[in-house]
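# Geometric and topological summary
Each chain, written out:
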Amino acid sequence: MAKDLWVFIETDSEGNAKNAGLELLNPGKSLAAAQGGRLTGIIIGYHANTAAEAAIAYGADALILVEGEEYKQYTTDAYANAFSQLIEKYHPESILIGATVNGRDLAPRVASRIKTGLTADCTSLEYDEESGNIAWTRPAFGGNLMARILCPNHRPQIGTVRPGVFKKAEPVLNRKAEIIHETIHISAEEIRTHILETIRETAGELVNLEEADVIVAGGRGIGGPEAFKMLKKLADVLGGVVGSSRACVDADWIPHAHQVGQTGKTVAPTLYIACGISGAIQHLAGMSGSKVIVAINKDPDAPIFDVADYGIVGDVHEIVPALTEEIKKMKN
């Protein structure tokens, strides 16, 4: 198993696979083949049969499954202990972990325990034939440069990858894969943190940008915080959510949970509507993978139009309400 590529399949408290890990099985397939090993999903959770089925359907050739009540909620101590023991036993060549809140916590802890490197927050992956290493690409210097990083001297190579950068493969039902069950437990005394309560709302509103199919995002050009109510009406009629540029978050117009871009979330929805967003490189880094981009801006020379599939030059306060009403009419 020394040439295998592992993908961490993160689960929720109900044992369902989160999108971040399923997305990584797609690029993981070609990277594992280039390394000469298997694509192996790693699941640490509680009653995770549903996640295991999803991982196999989305491309895993094998699964290593660690289950226990102590893994129902993510804790650094329990998950890092289990993951490190698996690595020490099986010695994979490389590991992909989604750069989620939990993934960003887990990856550096594991890398430190097993004394290897970690490339964080990657936006591109490829196999470097000359060196036999994975080439990890990540933004640097505020997104103005893209750094290409190799880890030639230590194994496994580990990288966290932004959710939304890669699309999930088409699932294949009834695929078969080897499932290896490992029994790893940790005492309650060794788990130093405990989740007392889960608050599912952020500033009064639940938002999941990374899994949204439609995002209506606002920038400084919308004029103020009240304009986000207008954007929400459009998002609601489209069955989407509201996003934001960093400028609006910095101005306290909207909570950080809505931020798209270099210091926010990386998204790849089917439809991204950019309202009053100029198109700074830091914002483009977080949404350029969207399938269809519609830009609304009164400045015809705004950089956002360079990446947009459709551009509307005009006042967002006139265009967005009109667009919302037209869509309502079409739906009715």
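Being a predicted model, the structure only gives us computed values, none of them experimental.

Tallying secondary structure elements over the protein gives nine helices and 15 strands in all. For 332 residues, the compact-globule estimate of 2.2 N^0.38 gives 20 Å, and the protein sits close to it at 21 Å. When each of the 332 residues of the protein is scored for burial, the buried share is 53%. Counting only contacts in the protein whose residues sit at least 6 apart along the sequence, the fraction spanning at least 24 positions is 63%. Put simply, the protein shows about 15800 Å² of open surface, and 50% of that area lies on carbon and sulfur atoms. Positive and negative charge centroids in the protein, built from 31 and 42 side chains respectively, lie 0 Å apart.

Right, let's get into the pairing of strand β1 (residues 5-8). Every second residue of β1 is oriented toward a common face, with L5 and V7 on one face and W6 and F8 on the other, all of them buried. The pairing of β1 with strand β4 (residues 94-98) spans three bridges and is classified as parallel. Residue pairing across strands places W6 opposite I95, the latter belonging to β4. Relative to strand β2 (residues 39-45), β1 runs parallel, the two being bridged by four bridges. Pairing of F8 across the sheet is with I42, part of β2. Running through helix α1 (residues 19-35), the crossover from β1 to the neighbouring parallel element β2 is right-handed.

Note: disulfide means a covalent bond formed between the sulfur atoms of two cysteine side chains. The tally for this structure, following the rule as stated, stands at zero disulfides. Unpaired in this structure, C151 has its nearest cysteine sulfur neighbour in C122, at a distance of 11 Å. On the basis of relative accessibility, which here comes to 13%, the residue C151 falls in the buried class. Unpaired in terms of disulfides, C248 finds its nearest cysteine sulfur in C275, a separation of 11 Å. With relative accessibility at 0%, the residue C248 sits in the buried group.

Turning next to the nonpolar core. One finds W6, I44, Y71, Y79, F83, L86 and L106 to be the most contacted residues of the largest nonpolar core, which totals 28 residues. Only β1, β2, β3 (62-67), α3 (76-90), β4 and α4 (101-114) provide two or more residues apiece to this core. The greatest single-element share of this core, amounting to eight residues, is contributed by α3. Residues contacting Y79, with those up to four places away along its chain left out, are F8, T11, I44, G45, Y71, Q73, Y74 and L106.

Turning to the sheet that holds strand β11 (residues 214-218), a few remarks are in order. Judged by pairing direction, the sheet is parallel, and its five strands sit side by side in the order β12-β11-β13-β14-β15 without closing on themselves. Each end of this open sheet is capped by a strand with a single partner; those strands are β12 (241-244) and β15 (310-313). Between one strand axis and the next, the sheet turns by 20° as a mean value, whatever way the strands run. Taken together, the five bridges between β11 and strand β13 (residues 271-275) define a ladder with parallel strand orientation. Paired with G218 across the bridge in β13 is C275. Sheet contacts for helix α5 (residues 227-238): β11, β12 and β13; angle to β11, the most-contacted strand, approximately 170°. Along the sheet, helix α9 (residues 316-331) contacts β13, β14 (292-297) and β15; its crossing angle with β14, the most-contacted strand, is approximately 135°.

Note: most residues except glycine have negative phi, and most peptide bonds are trans. For the bond from R155 to P156, the omega torsion is 0°, close enough to zero to count as cis. Turning to its location among the elements, P156 is positioned in the loop between β8 (145-149) and β9 (157-161). In this model, H47 sits at a positive phi of 50°, which is unusual for a non-glycine residue. The residue H47 is located in the loop between β2 and α2 (49-57) in this model. The phi dihedral of D121 is positive, around 65°, even though this residue is not glycine. Checked against the element boundaries, D121 lands in strand β5 (residues 118-122). On the basis of relative accessibility, which here comes to 12%, the residue D121 falls in the buried class.

Now for the side chain of T137. Within the secondary structure, T137 is located in strand β7 (residues 133-140). With sequence-adjacent residues up to four places away left out, T137 is seen in contact with C122, T123, S124, M146, A147 and R148.

Bringing the pattern of salt bridges into the picture now. If you walk through the whole model with that rule in mind, you get 17 salt bridges. We note a salt bridge from K18 to E10, for which the minimum N-O separation is 3.1 Å. For E10, a relative accessible area of 6% corresponds to the buried category. Via salt bridges that share partners, D4, R38 and E178 belong to a single interconnected network.

The rules behind the values
Residues numbered from 1 in each chain as written. Predicted model: local features only at pLDDT ≥ 70, side-chain atom pairs only at ≥ 80, totals over all residues. Heavy atoms only, no water. Helix = DSSP H or I, 4+ residues; strand = E, 2+ residues; numbered from the N terminus. Rg over C-alpha atoms; globule rule 2.2 N^0.38 Å. Buried < 20%, exposed > 50% of the residue type's maximum accessible area, 1.4 Å probe, protein only. Contact = heavy atoms within 4.5 Å. Areas by Shrake-Rupley, 256 points an atom, 1.4 Å probe, with all protein chains shown as cover. Lys, Arg positive; Asp, Glu negative; His and termini not counted. Charge placed at Lys NZ, Arg CZ, Asp CG, Glu CD. Pairing = 2+ DSSP bridges. Right-handed = clockwise from strand over helix to strand, strands pointing away. Disulfide = S-S within 2.5 Å. Core = buried A, V, L, I, M, F, W, Y, C linked by side-chain atoms within 4.5 Å. Axes fitted to C-alpha atoms, helices over the stretch in contact; angles between N-to-C directions. Salt bridge = Lys/Arg side-chain N within 4 Å of Asp/Glu carboxyl O.

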